[in-house]
Amino acid sequence: MKQTFTKTEAKQMIAGKLSRYFGVSAEEASKEQLYKAVVMSIRDMMLEKRERFHQEMKSKRAKRVYYLCMEFLMGRSLKNSVNNLDVKKAFEGALKDCGISLEDLYTMEPDAGLGNGGLGRLAACFMDALASGNYPAMGYSIRYDYGLFKQKIVDGWQTELPDVWLPGGEVWLTQRQDKSFVVRFDGKVMEEWTDGGLKIKQVDCKEVEAVAYDMMVSGADSKAVSVLRLWKAKNLQHFDMKSFSEGDYMRAMQQDNEAELLSKVLYPSDNHSEGKSLRLKQQYFLVSASIQNIFADHKHRYGSLDSLPEMAAIHINDTHPALCIPEMMRLLMDENGYSWEKAWDIVTRTVAYTNHTVMSEALETWSEDLIERRLPRIYTILKEINQRFCAEIWDKHPGDWDKIERMSIFSHGIIRMANLSVVGSHSVNGVSALHSDIIKKSIFKDFHDVYPERFTNVTNGIAHRRWLYQSNPRLSNLLDETIGHGWYLNAKELTKFNDFATDKQVLERLNKIKDQNKVDFANYALKQKGIKGINPNTIFDVQAKRMHEYKRQLLNALHIISIYNDLKDNPDLPITPKTYIFGAKAAAGYFMAKRIIKLLCCLSEEIKKNPKIHEKLNVVYMEDYCVTMAEKLMPASEVSEQISQAGKEASGTGNMKFMINGALTLGTLDGANVEIKEAVGNDNIFIFGLTAEEVSELWRNGYSASTFYHDNARLRRAVESLSVGFNGESFHDIANYLLMAAPVADPYMCLADFSAYSEAQKAVSAQYADRMLWAKKSLHNIANAGIFAADRSIEDYAKNIWNLKPLNGEWKK
């Protein structure tokens, strides 16, 4: 955006929107009308900027990247947009004359909760980094009517409410009437020989229209705007007027309802057949509409799809969009007349895949029968892909049936989407150095043996302008005063902050900033959630991430119980006061995760009943954790809990957000923790527990949770306390899970790591006592966080996977 944008221009834009769309003046406008007028003004600025960038892309015949993901956890857009466009001061001035502030409008915007956690937030950070780096890029997902869900804690139990984001969020969307495509389900495949050869059609099928809605993401100090294209499902069948006229209104609306279900809710529960079918249809809906759009645009620009691999990179973020591989084959062969061999060559030189899990049980599969019924043409293509692939492996490894079975896309009535993703891609990457190494040795070992050149690593990154500059203005100001503002566009410059590690004034400022941020968060928790009693003078020890067994919120809980037991024995015990803060949603059908939430809530309530203990120990569960809450919590955090079982976390990005805000990591050698340790050094991180190799060895030798239970009196008492319960509720089931569950007790080795975790917590308390030493450690974390910027991640993808250059032709130095 032009640097001379003024308050007067902002006032004129706002007044114009108010007059045109609401028929009011600025003086008459309500707060909601002002919010929408400002958003529409910002949106128009981005549309203009996007058009200029689009024209330059066309003139330079620039290669583009298309990023497919089932979720984009965007959060709020207004603050990010006004900062990236550099129009904050102009709009602040214009709104001041209306008696309202930009901060007031920020709070009116709902979180665009179109994601579940790290996967969706990573995709959102990448949209920002792609635009900031001047890369021609477009993201694709679904315009869900409802996000994941609103979490409501009732008597300690998570209940799910609809996440209604569109009334305030739709103003960011531009409907593209010119961009709609037909997606087909069910029916059967018909083959017909014609003069032009074999023609294949899907007949007697249900047709759904995919209608495009665009959301703009502006880059910071750049020419580019990334477009996130979201698809809404609409019924294409004729309205059932006969049923309507007969008064059977439900039947008349049935087809509309069935179609619109596809874009109704993110991740519907799949613990029943209808849920599984809906999820599969959602995935195909996304990829079919997106690939049709990509192909149509490419043919419009270049006349043919022959040049697709040279001019386009299609990236699938996890396996949810893996059906784009057979869909590309369908479109290339059935609708564009390519031979199998030529089509497969185009697909495999265009598609790249990011894997996000090392857990074989988490790798996505579909029943063969379901895909055959719902996607008959895709099913026949998948069978042919698999047959040709298995024949290729047989030629390379004749007689090795076990290897072929492990690598096959089809296996005993299921279809393995991860195997399909590897087979159909030219590049496969993990998201941390450890993760990328593990997948080559475990879940994809056979593929790595055959195609070692396909595998690489791109460590995740975060949008540092959002998570530092926007979320932590006090720290940002200190950085500007000490090292200049260059870090804003180039996070690598944060390393200059290391030079101030012995500057007493800077360290005192760091401590003061953290204290002020803690007070702000305590006030936010009281105002927004009604949570009383958060003491800013305690250590803020935070575990904020998806609730899952492998992330081991239960290990954290066991340690808190052990401290509680100590304080019950001696309330005068001299310990460093701590506030343990949790933020997490559990999947709707994930019972054990919900029980752990209940445990934490009951533990919190019981501790509150003893005021003397509560002064030293507090447990806070932040209901409905979301991006906006994270932007308040990260700057206030002092200890970042990253305690997943080693070898289970692919990377993590929350660890990076905590780090760049000065929190010290308490974690296992898992995911990106390994690289954080390398960046900050052993003295500025608290590492504990078994390594991934030691975990594997312990499983091989026969893990016995009861041995650890019997050998540690404090652990034994903590587990026994679960059965007794807290706040009137027994957690005997969780105690059994740790000691006697089948097929294996304590599957994520909480008991094995308990002793080491407790010692690490003691080290945290001891070192926190020296506030200047703690500030120095915090400073080194901030200064060395630049390597974890999404800008760096995107440059790695662009250079090493997509062969994509920024529009200005130069990568950052």
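Please refer to the structure placed before this passage.
What counts, and at which threshold
- Residues numbered from 1 in each chain as written.
- Predicted model: local features only at pLDDT ≥ 70, side-chain atom pairs only at ≥ 80, totals over all residues.
- Heavy atoms only, no water.
- Core = buried A, V, L, I, M, F, W, Y, C linked by side-chain atoms within 4.5 Å.
- Buried < 20%, exposed > 50% of the residue type's maximum accessible area, 1.4 Å probe, protein only.
- Contact = heavy atoms within 4.5 Å.
- Helix = DSSP H or I, 4+ residues; strand = E, 2+ residues; numbered from the N terminus.
- Pairing = 2+ DSSP bridges.
- Salt bridge = Lys/Arg side-chain N within 4 Å of Asp/Glu carboxyl O.
- Axes fitted to C-alpha atoms, helices over the stretch in contact; angles between N-to-C directions.
- Nonpolar A, V, L, I, M, F, W, Y, C, P; charged D, E, K, R; others polar.
- Parallel < 35°, antiparallel > 145°, perpendicular 65-115°, else oblique.
- Left-handed = near helix turned anticlockwise from the far one by under 90°.
- Expected span 1.5 Å × (residues − 1).
- Phe/Tyr/Trp six-rings, centres within 6.5 Å; stacked < 30°, edge-to-face > 60°.
- Lys NZ or Arg CZ within 6 Å of the ring centre and 35° of its normal.

J.: Mind showing me how you'd approach the nonpolar core here?
T.: One recurring pattern in soluble globular proteins: nonpolar side chains tend to sit buried together. Ranked by size, the top nonpolar core spans 275 residues in total, and within it Ile42, Leu78 and Trp802 carry the most contacts. Setting aside residues no more than four positions away along its own chain, Trp802 makes contact with Lys63, Val65, Tyr67, Leu130, Ala313, His315, Ile794 and Tyr797. In terms of nonpolar packing, the next biggest core, distinct from the first, is built from six residues, Met57, Ala62, Ala131 and Ala224 among them.

J.: Which parts of the structure should I look at to understand unusual backbone geometry?
T.: Most of the time, phi is negative for any residue but glycine, and the peptide bond is trans. The omega torsion across Ala742 and Pro743 is 0 degrees, close enough to zero to call that bond cis. Phi is positive for Arg61, close to 50 degrees, though the residue is something other than glycine. Looking at the secondary structure, you find Arg61 in the loop between α2 (31-60) and β1 (64-68). A positive phi angle is found at Asp155, which is not glycine, with a value near 50 degrees. Note on placement: Asp155 falls in the loop between β5 (150-154) and β6 (157-161).

J.: Whenever I open this one, the pairing of strand β4 (residues 137-142) confuses me. Can you help?
T.: The two faces of the sheet receive side chains in turn, since in a regular strand these alternate between them. Most of β4 is tucked away, with six of its six residues classed as buried. Alternating residues of β4 divide into Ala137, Gly139 and Ser141 and Met138, Tyr140 and Ile142, and every residue in both groups is buried. In this structure, β1 lies alongside β4, joined through four bridges in parallel fashion. Residue pairing across strands places Tyr66 opposite Met138, the latter belonging to β4. Of the pairings in the sheet, the one linking β4 to strand β11 (residues 225-235) comprises five bridges and is parallel in character. Bridge pairing links Ser141 to Leu230 in β11.

J.: Whenever I open this one, the pairing of strand β17 (residues 427-430) confuses me. Can you help?
T.: Side chains Ser427 and Asn429 of β17 all project onto a buried face; the interleaved residues Val428 and Gly430 project onto the opposite face, where all are buried too. As paired strands, strand β13 (residues 351-354) and β17 are joined by three bridges and run parallel to one another. Residue pairing in the sheet places Thr354 in a bridge with Asn429 of β17. Across three bridges, the pairing between β17 and strand β18 (residues 455-457) is parallel. Along β18, the bridge assignment pairs Val428 with Phe455.

J.: What exactly am I supposed to notice about the pattern of salt bridges here?
T.: Pairs can form between side chains of opposite charge once their charged atoms are near each other. All told, the structure shown has 57 salt bridges when counted by the stated rule. Two residues, Asp97 and Lys7, come together in a salt bridge whose shortest N-O distance is 3.2 Å. Linking Asp97 in the loop between α4 (88-96) and α5 (102-106) with Lys7 in helix α1 (residues 7-22), this pair joins segments that are 90 residues apart in sequence. Across the salt bridge formed by Arg717 and Asp569, the nearest N and O atoms sit 2.6 Å from each other. Linking Arg717 in helix α31 (residues 713-724) with Asp569 in helix α23 (residues 553-569), this pair joins segments that are 148 residues apart in sequence.

J.: Hey, could you run me through the sheet that holds strand β20 (residues 578-583) in this one?
T.: Backbone hydrogen bonds hold the strands of a sheet together, and the pairing may be parallel or antiparallel. As summarised here, the arrangement of the six strands in space is β21-β20-β19-β22-β23-β24, forming an open sheet in which the pairing is parallel. Since the sheet does not close on itself, it has two edges, and those belong to β21 (617-622) and β24 (686-687), each with one partner. Most of the contacts of helix α24 (residues 591-608) go to β21, to which it runs at about 135 degrees, and overall it touches β20 and β21.

J.: Which parts of the structure should I look at to understand the packing of α31 against helix α32 (residues 732-739)?
T.: When two helices pack together, you describe them by how their axes are tilted relative to each other and by the distance separating the axes. α32 packs onto α31 with a crossing angle of 145 degrees between their chain directions and a minimal axis gap of 6 Å. Residues Val719, Leu722 and Ser723 of α31 form the contact with α32, whose own contacting residues are His732, Ile734, Ala735, Leu738 and Leu739. The class makeup of the residues in the contact of α31 with α32 is six nonpolar, two polar and no charged.

J.: Hey, could you run me through the sheet that holds strand β14 (residues 365-367) in this one?
T.: Taken in spatial order, the three strands of this open sheet run β14-β16-β15, and their pairing is antiparallel. Pairing within the sheet leaves two strands with one partner each, and these edge strands are β14 and β15 (410-411). As paired elements, β15 and strand β16 (residues 414-416) share two bridges and run antiparallel to each other. Note that in β16 the partner of Ser411 across the bridge is Ile414.

J.: Is there a simple way to think about the packing of helix α10 (residues 273-302) against helix α12 (residues 324-335) in this case?
T.: It is the contact of α10 with α12, at a shortest axis distance of 9 Å, that shows an interaxial angle of 45 degrees. Classified by the angle their axes make, α10 and α12 are oblique. When the axes of α10 and α12 are compared, the crossing they make is right-handed. Facing α10, whose interface residues are Tyr284, Val287, Ser288, Ile291, Gln292 and Phe295, α12 presents Cys324, Glu327, Met328, Arg330, Leu331 and Leu332. Of the residues belonging to the contact of α10 with α12, the class tally is eight nonpolar, two polar and two charged.

J.: Would you mind going over helix α34 (residues 771-783) with me for this structure?
T.: Every α-helix carries 3.6 residues per turn, so stepping three or four residues along brings you back to the same face. Taking 1.5 Å per residue, 13 residues should reach 18 Å; α34 reaches 18 Å between its end C-alpha atoms and fits that length. All buried positions along α34 are accounted for by Trp774, Ala775, Lys777, Ser778, Leu779, His780, Asn781, Ile782 and Ala783.

J.: Is there a simple way to think about the packing of aromatic side chains in this case?
T.: We describe a pair of aromatic rings using the distance from one ring centre to the other and the angle between the two ring planes. Across all of its chains, the model carries 27 aromatic pairs by this definition. Plain terms: the ring middles of Tyr768 and Trp774 are 5.1 Å apart, the flat faces sit at 75 degrees to each other, and that makes the pair edge-to-face. There is no split in this pair, since Tyr768 and Trp774 are both buried. Through pairs of rings, three or more aromatic residues link up here, namely Tyr353, Phe389, Phe444, Phe447 and Phe455. Over the ring of Phe185 we find Lys281, and its NZ or CZ is 5.3 Å from the ring centre. The side chain of Lys518 reaches across the aromatic face of Phe540, ending 5.0 Å from its centre.

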